Every structure is written in structure tokens, then in C-alpha cells.
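# Secondary and tertiary structure notes
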Amino acid sequence: MRLAVAGCCHGELDKIYETLALAERRGPGRIDILLCCGDFQAVRNEADLRCMAVPPKYRHMQTFYRYYSGEKKAPVLTIFIGGNHEASNHLQELPYGGWVAPNIYYLGLAGVVKYRGVRIGGISGIFKSHDYRKGHFECPPYNAATIRSIYHVRNIEVYKLKQTMDKGQSTKATKFLALDKCLPHRDFLQVIEVEHDPSAPDSLEYDAEWLTVLRATDDLINVTERLWNMPENNGLHTRWDYSATKEAINEVLERLNHDLKVPNNFSITAACYDPSKPQTQMQLVHRINPQTTEFCAQLGITDINVRLQKAKEDQHLCGDYEGLDDVEGNDSGEDPSEYNTDTSALSSINPDEIMLDEEEEYDDSIVSAHSDVNTPSVEPSSDQASDFSASFSDIRILPSSMTVSSDDTSGSPVCKEGNSGDPVEVGDGKDLTTVPLKRLSDEHEPEQRKKIKRRNQAIYAAVDDNDTA
């Protein structure tokens with residue numbers, strides 16, 4: 001079986017399919033399936049475009065909407081995962097995966113499917129430690145914080161995939177190169193040969209083990225911002241192994257009448273972009289997708305979006321949490337319900353993006369990105385604090401001229417109200433007056449110091465010599 005793998009698509013489906021046609025003409029035969037590894041950008045309309053956490057200059061409709069409307073059809077079965085440049089409101093409709101257009105399938109937050117006997121699994125998003133242990137609490141309309149946290153990987157998705165790992169079985173993994181963007185003279189596509197089951201049907205199928213794990217872990221779904229850990233064998237949980245048993249798999253097969261074929265049940269759920277009638281003020285709606293409704297009913301699991309909407313109606317989640325996000329990200333005091341979801345005011349730097357080539361900017365501009373959305377500085381959490389301390393672990397001994405005073409640190413044992421000349425003892429009985437507390441210099445510093453433009457400036461700020469005792 002010939003399998004094509006594409007890097008970041010960025011909505012350039014026409015160009016990718018044209019390249020596939022060229023590869024077929026030059027190669028030994030047709031390409032059976034295309035895998036897209038993130039940044040797919042399934043943008044249907046202007047509202048979807050506003051839900052992409054990208055600088056305004058990169059907000060282009062591209063060509064996906066033509067496949068969504070039915071004007072065009074993907075010439076090859078296409079399966080993709082989400083990245084950090086997505087129409088997040090569209091993909092959120094399909095947390096367990098589904099068709100975003102005829103012949104184009106999204107794997108969901110995490111998912112496993114089969115095609116011609118080949119098992120295909122993946123997880124969407126990017127990793128950010130501060131959101132990893134949260135639930136899927138975000139829902140449209142997004143604010144300046146949730147428009148980015150929505151695509152951050154959560155521990156429950158990783159936990160589910162780990163339950164499907166073959167135990168004691170030999171598994172062949174397909175390897176391919178790290179691929180570039182779909183740009184001229186870039187390596188953005190690779191075609192490889194993979195072994196398959198000739199007797200397997202030529203259609204996309206669910207993976208029975210994955211469906212069984214989804215049923216088993218349904219009670220672990222979290223739609224709050226609360227941090228939590230997955231069950232483990234540490235004596236605190238009655239169950240920590242959610243891997244599929246033969247009995248559980250048979251139960252799932254019975255629910256599906258032993259038919260694992262993914263139904264071709266794509267339906268249009270939002271208005272499609274019309275170049276002749278642009279709608280820049282299109283309303284953003286949190287939708288329930290009929291594909292997800294059908295899937296959850298058949299499998300007997302929870303639709304995450306239904307639970308989110310119920311929590312929103314009860315004012316336990318979206319209203320409260322988005323209000324908290326707005327307080328942190330916007331000190332204008334406006335009502336969260338009136339928050340403008342048009343993120344065109346965001347900085348041209350996305351802190352979640354690794355900038356390459358022409359997109360590179362200076363580090364200092366990343367700091368200004370927060371000021372553009374009026375985000376005040378926030379003290380690091382305990383987890384972040386440990387990471388911060390670790391970043392300075394390489395500093396062992398400083399020269400005497402670089403010794404920093406103890407009152408420049410938050411945990412200083414020296415009382416600020418005491419006289420600087422009085423000896424102060426610490427736990428080991430040492431007299432702190434015998435240790436140089438201030439940064440020493442042989443020369444007097446000028447009255448007006450040039451500002452040091454660097455992060456954590458307080459750590460490096462010198463203290464006037466006149467303050468030393």
C-alpha cells in the first residue's frame with residue numbers, strides 16, 4: 001500500500017493534492033491514503049478564521065472550504081490530526097473524530113482507526129505543562145487565553161492511547177521524515193510503502209480496542225479547569241488499568257453489530273464561505289455535531305460538548321472560567337459575555353509557535369505580546385517555580401564582584417527594618433555582616449543607569465553603593 005505523509009498543511013489542500021497527482025504519474029501506482037501531521041486548518045468561514053491563534057497576516061481562507069461545501073472532493077482518503085494553527089471551534093465539534101468533509105477524516109483529540117489492516121493512531125495539539133493536567137474546559141466564544149489553551153494536549157488523551165499499546169506483541173511502526181510546510185522547494189510530502197492486509201476492506205474502520213478504551217475511560221472525562229492526575233497503581237485508586245479485555249471488546253462489537261466501518265455520515269453544520277458575500281461579523285456558536293451525537297449514542301459514552309453546554313447553562317463552567325480568564329488577560333473590566341472574539345488585536349507572535357525562517361522575531365517581542373492584550377504579570381506556580389529554579393542550576397560560584405545581596409531575593413532572612421550595621425545571625429550562627437551583601441564595584445556608578453533590556457531584570461539590577469553598610 002502506498003501511503004503519503006504531509007507536514008503542516010495550512011489549508012493548502014489544492015497544492016497537496018496536485019503534488020500527489022504528480023507523484024502518482026511519476027511513481028509505480030496510485031496513492032491509497034494521505035496522512036497530514038497537524039496545522040490542517042479546516043476553515044469553513046470567517047468565524048472559523050477568528051478562532052485560529054495566528055497573527056492577522058496569516059489569516060487566509062485557503063481552499064478547505066471548497067471541499068467542505070462539496071465544490072471539490074478529496075481524490076484520496078485523507079486523515080489528519082490537529083496542531084496549534086487550527087479552526088479550533090470546528091475541530092471541537094468532533095472530540096472523538098469524524099468527517100470534516102467528504103473523504104477527509106479528523107482523528108479527534110486522540111484516536112485510532114484502521115485502513116486495509118494498517119492501524120493508524122494519533123493525538124492532536126501541542127504540549128504545554130501548565131494545561132496538561134486540566135480538563136477540556138474551553139468552549140466558544142474563546143478569549144485571549146482559551147483560544148490557545150484549547151489546542152494544548154491533556155493527560156487523559158495520552159492516558160487513553162497508552163491503554164491501547166500492544167502488550168507482549170510485536171508491532172511494526174512506520175517511520176518517516178520530519179516534514180516542512182507546503183511551500184515551493186520545501187520537503188513537505190513523502191510517499192512510502194507499507195505492508196497491509198490484502199483481505200481487509202478498502203474502507204476506513206474503527207479500531208475495536210480503541211473503542212473499548214473509550215468506553216472504559218468515559219468516567220474519567222473532566223470538563224473543568226481543575227488540575228488532576230490519571231489513575232495509577234499507587235494505592236490511591238481502585239482501578240488504574242483501563243486496557244481492553246476480550247470480554248469488553250466483544251461487548252463493543254455487539255453494540256456495533258460487528259460492523260466496524262466508519263459511516264459516511266458527514267453533514268454541513270456551519271455556513272460555508274462565499275467569496276462574493278464576505279461576512280466578517282459572523283456569529284461564533286458552540287455547536288453539537290450530529291456525527292458526535294451518533295457516535296456517542298452508539299458506543300454509550302459522553303459527548304464532551306453536551307456536558308460543556310450543560311455546565312455553561314448551570315453557570316458552573318464557561319461563564320465563570322472565561323470570566324476568570326478575562327480578569328487575568330484583560331484588565332478593562334468588561335463583561336465576559338461581551339468579550340470580542342475577534343483576536344486581530346493579538347500580537348504577531350504566538351508564544352506556542354516555534355518560529356522558523358522568515359517568521360523569526362526577537363525574544364523581546366515575545367514579552368510585548370502579553371502587553372498587547374493587557375495581560376498583567378503572574379507569579380509562577382509551584383511547578384513553574386521549580387522549572388525556573390532549574391534553569392539556573394548551572395550557576396555554581398559567582399566571582400565576588402557579582403555577589404548579589406540577600407535582600408534582592410524574596411526569601412531573604414534579613415529584616416528590612418533593622419539597621420544595616422547590626423549583625424544578623426542565621427541558623428548556622430554565621431554573621432551576615434562578614435559576608436559581602438551588595439554587588440561590589442571599584443568605581444562609582446552614574447546616577448542614571450542605562451536600563452538593561454532583559455527578562456527578570458530585578459535579578460540583575462545593581463544596588464547603589466551608598467546603600468551598603
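Described in the following lines is the structure provided in the data block. Remember, predicted model here, so these are calculated numbers, not experimental data.

## Re the overall build of the protein
- When its secondary structure is counted, the protein shows 15 helices and nine strands.
- Taking all contacts inside the protein whose residues are at least 6 apart in sequence as the whole, residues at least 24 apart take part in 75%.
- Surface summary for the protein: the accessible area is close to 26,400 Å², and the carbon and sulfur share equals 51%.

## Some thoughts on the pattern of salt bridges
- Applying the stated criterion across every chain yields a total of 18 salt bridges.
- When the shortest N-O distance is used, the salt bridge between Asp202 and Arg30 registers 4.0 Å. Residue Asp202 is located in the loop between β8 (189-193) and β9 (204-206), and its partner Arg30 is located in the loop between α1 (13-26) and β2 (33-37); the two are separated by 172 residues in the primary sequence.
- Here Arg154 makes a salt bridge to Glu138, at a shortest N to O gap of 2.7 Å. Here the residue Arg154 occupies a position in the loop between α6 (146-149) and α7 (155-163), and Glu138 occupies one in the loop between α5 (129-132) and α6, the gap between them amounting to 16 residues.

## A closer look at the pairing of strand β4 (residues 98-101)
- One ladder, built from three bridges, connects β4 with strand β5 (residues 104-106); its direction is antiparallel. Its bridge partner being in β5, Trp99 is matched across the sheet by Tyr105.
- Where β4 hands over to β5, the hairpin turn is made up of two residues, of which Asn103 adopts a positive phi near 70 degrees.

## Section: the sheet that holds strand β7 (residues 118-123)
- With antiparallel pairing, the three strands of this open sheet are ordered in space as β7-β6-β9. The open sheet is flanked by β7 and β9, the only strands paired with a single partner. The mean angle between the axes of side-by-side strands here comes to 35 degrees, regardless of whether they run parallel or antiparallel.
- By the bridge criterion, three bridges tie strand β6 (residues 110-115) to β9 in an arrangement that is antiparallel. Counterpart to Tyr115 in the pairing with β9 is Leu204.

## Details of the packing of aromatic side chains
- Applying the stated criterion to the full structure yields twelve aromatic pairs.
- Judged by centre distance (5.7 Å) and plane angle (80 degrees), the rings of Tyr68 and Phe266 are edge-to-face. Here Tyr68 is found in helix α3 (residues 64-69), whereas its partner Phe266 is found in the loop between α9 (246-255) and α10 (290-299), with 198 residues between them in sequence.
- Summarising the aromatic geometry, the rings of Tyr159 and Tyr242 are spaced 6.0 Å apart at their centres and angled 70 degrees between planes, so their arrangement reads as edge-to-face. Of this pair, Tyr159 sits in helix α7 while Tyr242 sits in the loop between α8 (208-216) and α9, and the two are 83 residues apart along the sequence.
- Under the relative-accessibility criterion, Tyr242 is labelled buried at 9%.

## So, the environment of Asp32
- By secondary structure assignment, the location of Asp32 is in the loop between α1 and β2.
- In this structure Asp32 comes out as buried when scored by relative accessible area, which is 8%.
- Residues Asp32 and Leu77, 45 residues apart in the sequence, show an inter-C-alpha distance of 7.1 Å.
- Residues contacting Asp32, with those up to four places away along its chain left out, are Met1, Arg2, Val76, Leu77, Tyr115 and Arg116.
- Within polar-contact distance, the side chain of Asp32 engages the backbone nitrogen of Arg2 at 2.9 Å.
- In terms of polar contacts, Asp32 uses its side chain to reach the side chain of Arg116, at 2.9 Å.

## Overview of the pairing of β7
- Going residue by residue along β7, you find Val118, Ile120 and Gly122 tucked away on one face and Arg119, Gly121 and Ile123 left uncovered on the opposite face.
- Counting the residues that bridge the hairpin from β6 to β7 gives two residues, and of these Arg116 lies at a positive phi of roughly 50 degrees.

## Some remarks on the sheet that holds β5
- If you walk across this open sheet you meet the six strands as β4-β5-β3-β2-β1-β8, and the pairing is mixed. Two strands close off the open sheet at either side, each with one partner strand: β4 and β8. Neighbour-to-neighbour, the strand axes of this sheet turn through a mean angle of 25 degrees, independent of strand direction.
- Examined bridge by bridge, strand β3 (residues 77-81) and β5 share three bridges and lie parallel to one another. Across the sheet, residue Ile79 finds its bridge partner in β5, namely Tyr105.

## Remarks on α8
- In terms of residue burial, α8 counts as a mostly covered element, since seven of its nine residues are buried.
- Buried residues of α8: Ala208, Glu209, Trp210, Leu211, Thr212, Val213 and Leu214, and no others.
- Where α8 is buried, its residues touch β6, β7, α7, β9, α9 and α10.
- Measuring from the side-chain oxygen of the N-cap residue of α8 to the backbone nitrogen of Glu209 gives 3.3 Å; that N-cap residue is Asp207.

## A short note on the packing of α8 against α9
- The geometry of α8 relative to α9 is characterised by a closest axis approach of 9 Å and an angle of 100 degrees between their N-to-C directions. Between α8 and α9, the interaxial angle falls into the category roughly perpendicular. Listed contacts from α9 to Ala208, Glu209, Leu211, Thr212 and Arg215 of α8 are Ala248, Ile249, Glu251, Val252, Leu253 and Arg255.
- A class-by-class count of the residues in the contact of α8 with α9 yields six nonpolar, one polar and four charged.

## Digging into the nonpolar core
- One finds Ile33, Ile79, Tyr105, Leu204 and Leu211 to be the most contacted residues of the largest nonpolar core, which totals 40 residues.
- In this structure Tyr105 touches Thr78, Ile79, Phe80, Tyr96, Gly97, Gly98, Trp99, Val113, Leu204, Tyr206 and Val262, once residues within four positions along its chain are discounted.

## Here's the deal with the side chain of Arg2
- Summarising the element assignment, Arg2 is placed in strand β1 (residues 2-6).
- Every residue in contact with Arg2, bar those within four places of it in the chain, is listed here: Ala23, Glu24, Gly27, Pro28, Gly29, Arg30, Ile31, Asp32, Ile33, Val191, Ile192 and Glu193.

How each quantity is defined
- Residues numbered from 1 in each chain as written.
- Predicted model: local features only at pLDDT ≥ 70, side-chain atom pairs only at ≥ 80, totals over all residues.
- Heavy atoms only, no water.
- Helix = DSSP H or I, 4+ residues; strand = E, 2+ residues; numbered from the N terminus.
- Contact = heavy atoms within 4.5 Å.
- Areas by Shrake-Rupley, 256 points an atom, 1.4 Å probe, with all protein chains shown as cover.
- Salt bridge = Lys/Arg side-chain N within 4 Å of Asp/Glu carboxyl O.
- Pairing = 2+ DSSP bridges.
- Axes fitted to C-alpha atoms, helices over the stretch in contact; angles between N-to-C directions.
- Phe/Tyr/Trp six-rings, centres within 6.5 Å; stacked < 30°, edge-to-face > 60°.
- Buried < 20%, exposed > 50% of the residue type's maximum accessible area, 1.4 Å probe, protein only.
- Polar contact = N/O pair within 3.5 Å; in protein donor to acceptor, adjacent residues only side chain to side chain.
- Parallel < 35°, antiparallel > 145°, perpendicular 65-115°, else oblique.
- Nonpolar A, V, L, I, M, F, W, Y, C, P; charged D, E, K, R; others polar.
- Core = buried A, V, L, I, M, F, W, Y, C linked by side-chain atoms within 4.5 Å.

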